[in-house]
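So you can see what is in the structure, the chains are spelled out below.
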Amino acid sequence: MLDFFQNEKYYQGIREAVARLKARGEKVIVLDIGTGTGLLSMMAVTAGADFCYAVEVFKPMAEAAQSIVERNGFSDKIKIINKHSTDVTVGAGGDMPTRANLLITELFDTELIGEGALPSYEHAHQHLVQEGCEAVPHRATVYAQLVESELLWGWAQLQPMEVEGVRLLPPPAVSRCAGAHSVCDIQLSQVSPASFKPLSPLCTMFSVDFSKPVSSAFQSHSAQFVARCSGRGQVVLSWWDLHMDPRGDVVCTMAPSWTYPHQKRAPWRDHWMQSVYFLPEESQVTEGDDLCLTVCHDDYSLWYSLQAHSRQDQQTEAPPPRPSCTCQAHLVWTRPRFGELNDGRRTESYVQALRSVLKEDAVCLSVSDGSLLPVFAHKLGAKKVYSLENSRMSKQLIEQVLGANAITGGVELLEIRADHLTRNDLGDEQVSVLMGEPYFSTSLLPWHSLFFWYCRTALSGLLRPDVTILPCSASLHVVAVEFQDLWRIRAPCGRCEGFDVTPMDEMVQRSLDFRESREAEPHPLWEYPCRALSQSAAAMTFDFTQCVPSQPINSQGSLPLIRTGCCQGVALWMEYQLTDDITVSTGLTAPISEQGDCEWSRHRKQAVYFLRSPWQSSGDGRAAVSYSFTFEPDSGDIKMDFSISAL
């Protein structure tokens, strides 16, 4: 709703489509699929449409749309239909008495077709709109570029790593695996062009004309190109444009900001981003090679492959199948998790910490999901290493890692819960080093990894009196911030393109008041830049050398606002003290700059707490964000409250 650039392009396209139909002497009947607030239907009526049928399947949204249409005085021109478009009927006694001649939709996602746009268009052309209808948008075009990128490829494949001078290798099955087929949708504007090498020009892969019948059947499209330079073909970057009119004069592009002559003029979007696709295998590319990039799609997803260009091959080869994980790694490890495991600096921190605490007679127990810490401990000379795995699949994956590095038997993997583990499972030994990253696949918010503390407590009877806990403690950090754009997801719309959409604001606020407005939510802040308006502070500390206390832990404090800006909320993250001098952060990875610029970890999501009302800071420290935290041992949750006031 707050994407003013997109709204403007839609409005312009709608006005021109209505004008073309009027010029042909036709009565303009609109079908608006996925109407949401009814905004596009109101645009159409204002542009001169005779009647609109606005379809919305989500009941609360349909009710909000009805209120918005009534508030803006369009009840006699717009009918809200609370159905899926494939259930809409046409004819006497149906939802629509006649087929529409103007089709308007906003059914797209980052991948263009992932929300079922193709089946919806296919059905609409078969049953709901006239032949030769106008459509807004008129056409979509998908673009792609082949690149080499160590950063991005590290999100798809486990890379070799060095531990104590020994090279650890990924399992062959993982290296050969085509990976998960699902798209990696990110804010590509936040991936610096310095972190990838373009091997191809930007290729036009295919277009879909929405004014004509659309098929949701499998299709493949290819683009030939000459390699611009030599490198390793690993990743495809992709985005799409919407052409709102047949001539292509009114264009709404999803291109990342670094494609713009003036990057700051690029519109920000959270609902439509860009796509990263990982090729099934890495291919060596030589400058001047004639290559062919192929995209395939079914009704909901896309996938890419790279081939040497040969007309004969193209005629005889079958299209590449959709990738699927055959090694289990891409089912156990998320893409950020792959990146975390491939982070050399992070790995070195854990290796240094383990090296400083391990002795020849060390009996180690690892508590983290799909972690390589047990492998490191074995390589560093621990007498015996055990690892608790949360699932059979995770256990089998680590077994592959052990087998690939000829250390099968050096680590014993136990598919047992911490509270069910017995001394018999440990060969009647006591644990001298309890270790964790900690990482748990079920964690959503940073402090959910405090599950490690609960495991440590459950295991207390199996630990030596002089046991080393790694990490020995954790701290919850907080900083007041001004978001560059993320604030928009909570900002009220009020009036949009001249229409009053406050009923939607009221609906959203009611849902937030129920619970979410008093809770933090996870966001990858490396994708959503912000400025720190305060210093960061350790608001709570959790001592893992002790068991989880029986009573709540409370903490209060304040964050003076020392920089000018609009404070919309606070960012929160965990830091883990591995040893006295080694700390791993899941949030800030560098000191805050003098201007307040922040560098965030790409591997974990941070938490964001949005303030009810933003505060304009003068930067003189006379205003502060006050915070209050309560850690509740029974639930493991952290309750929090924030407020801003002048000091």
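Please read all numbers here as calculations on a predicted model, not as lab measurements. (Residues numbered from 1 in each chain as written. Predicted model: local features only at pLDDT ≥ 70, side-chain atom pairs only at ≥ 80, totals over all residues. Heavy atoms only, no water.)

Right, let's get into the overall build of the chain. Helices and strands together make up the secondary structure of the chain, namely 14 helices and 34 strands. Against the compact-globule benchmark of 26 Å for 647 residues, the chain has a radius of gyration of 28 Å, which places it among compact chains. Looking at the chain as a whole, 55% of its 647 residues are labelled buried. Taking as baseline every contact in the chain between residues at least 6 positions apart, the subset at least 24 positions apart corresponds to 79%. Here the chain carries 54 positive and 77 negative side-chain charges, and the mean point of each set is 2 Å from the other. (Helix = DSSP H or I, 4+ residues; strand = E, 2+ residues; numbered from the N terminus. Rg over C-alpha atoms; globule rule 2.2 N^0.38 Å. Buried < 20%, exposed > 50% of the residue type's maximum accessible area, 1.4 Å probe, protein only. Contact = heavy atoms within 4.5 Å. Lys, Arg positive; Asp, Glu negative; His and termini not counted. Charge placed at Lys NZ, Arg CZ, Asp CG, Glu CD.)

If charged atoms from side chains of opposite charge come close, those side chains can pair. The final tally for this structure, using the stated rule, is 30 salt bridges. A salt bridge links D50 to K22, with the shortest nitrogen-to-oxygen separation between them at 3.1 Å. Of this pair, D50 sits in the loop between α2 (39-46) and β2 (51-55) while K22 sits in helix α1 (residues 4-23), and the two are 28 residues apart along the sequence. For K22, a relative accessible area of 38% puts it in the partly exposed group. (Salt bridge = Lys/Arg side-chain N within 4 Å of Asp/Glu carboxyl O.)

Time to look at the packing of aromatic side chains. Counted under the stated rule, the structure contains 27 aromatic pairs. A centroid spacing of 5.8 Å and a plane angle of 65 degrees characterise the contact between W453 and F542, whose relative ring orientation is edge-to-face. Of the two residues, W453 sits in helix α13 (residues 451-458) while F542 sits in strand β28 (residues 537-543), which places them 89 residues apart along the sequence. Each member of the pair, W453 as well as F542, carries the same accessibility label: buried. Seen from their ring centres, Y627 and F629 are 5.4 Å apart, and the 50 degrees between their planes marks the pair as tilted. (Phe/Tyr/Trp six-rings, centres within 6.5 Å; stacked < 30°, edge-to-face > 60°.)

Time to look at the side chain of S368. In this structure, S368 sits in the loop between β18 (363-367) and α11 (373-379). Note on S368: relative accessible area 1%, which makes it buried. Of note is the side chain of S368, whose polar atom sits 2.9 Å from the backbone nitrogen of E437. Looking at S368, its side chain comes within polar contact range of the main-chain nitrogen of Y439, at 3.2 Å. (Polar contact = N/O pair within 3.5 Å; in protein donor to acceptor, adjacent residues only side chain to side chain.)

Okay, the sheet that holds strand β20 (residues 411-414) next. Overall, parallel pairing links the five strands, which are arranged β20-β19-β18-β21-β22 in an open sheet. One side of each edge strand has no neighbouring strand; the edge strands of this open sheet are β20 and β22 (463-470). Taken over all neighbouring pairs, the strand axes of this sheet differ in orientation by 20 degrees on average, direction set aside. Two elements, β18 and strand β21 (residues 431-435), share three bridges in a ladder whose sense is parallel. Bridging from a neighbouring strand, C364 pairs with V433 of β21. (Pairing = 2+ DSSP bridges. Axes fitted to C-alpha atoms, helices over the stretch in contact; angles between N-to-C directions.)

Below, the discussion takes up the packing of α1 against α2. As a packed pair, α1 and α2 sit with axes 9 Å apart at the nearest point and diverge in direction by 40 degrees. Relative to α2, α1 is oriented oblique. Here α1 and α2 pass one another in a crossing that is right-handed. Within the contact between the two elements, α1 uses N7, Y10, Y11, I14 and V18 and α2 uses L39, L40, M43, A44 and T46. (Parallel < 35°, antiparallel > 145°, perpendicular 65-115°, else oblique. Left-handed = near helix turned anticlockwise from the far one by under 90°.)

Bringing the UniProt feature "domain: Protein arginine N-methyltransferase" (unreviewed entry) in the chain into the picture now. Those residues carrying the UniProt feature "domain: Protein arginine N-methyltransferase" (unreviewed entry) are residues 138-307 and 473-643 in this numbering. Within residues 138-307, the helical portion is 5% and the strand portion 46%, while the C-alpha atoms at the span's ends are 32 Å from each other. (UniProt positions renumbered as here; feature names shortened; annotations may be inferred.)

Looking now at the environment of Q159. With respect to the element layout, Q159 can be found in the loop between α5 (150-153) and β7 (161-163). By relative accessible area, Q159 is classed as partly exposed at 28%. What Q159 contacts, discounting residues up to four positions off in sequence, is W153, P170 and N342. There is a polar contact of 3.2 Å between the side chain of Q159 and the backbone oxygen of Q157.

Turning our eyes to something else, we now look at the sheet that holds strand β5 (residues 129-136). One open sheet accounts for five strands, arranged β3-β2-β1-β4-β5; its pairing is parallel. The sheet is open, and its two borders are formed by β3 (78-81) and β5, each paired with just one other strand. Ignoring strand direction, the axes of neighbouring strands in this sheet form an average angle of 25 degrees. Note: β2 against β3, four bridges, orientation parallel. Paired with Y53 across the bridge in β3 is K79. Running at roughly 175 degrees to β2, α2 makes contact with β1 (29-33), β2, β3 and β4 (100-105) of the sheet.

This paragraph deals with unusual backbone geometry. Looking along the chain, the bond that leaves E437 and enters P438 is cis, with omega of -15 degrees. For P438, the location among the structural elements is in the loop between β21 and α13. Cis geometry is found at the peptide bond from L470 to P471, where omega equals 5 degrees. By the secondary structure assignment, P471 is in the loop between β22 and β23 (473-483).

Before going further, it helps to examine the nonpolar core. If you look at the biggest cluster of nonpolar residues, it comprises 129 residues, and the most contacted ones within it are L31, F108, M205, L237, Y304 and W600. Those residues in contact with M205 that lie beyond four places of it in its chain are V142, Y143, A144, H221, S222, A223, L293, T294, V295 and Y304. Within the second largest apolar cluster, 54 residues are counted, among which are F452, A607, I638 and M640. (Core = buried A, V, L, I, M, F, W, Y, C linked by side-chain atoms within 4.5 Å.)

Attention now goes to the environment of V478. For V478, the location among the structural elements is in strand β23. Taking C-alpha positions, V478 is 45 Å from L293, a pair spaced 185 residues apart along the chain. Those residues in contact with V478 that sit more than four places away from it in its chain are Q535, S536, A537, A539, L559, V570, A571, L572, W573, Y627 and F642.

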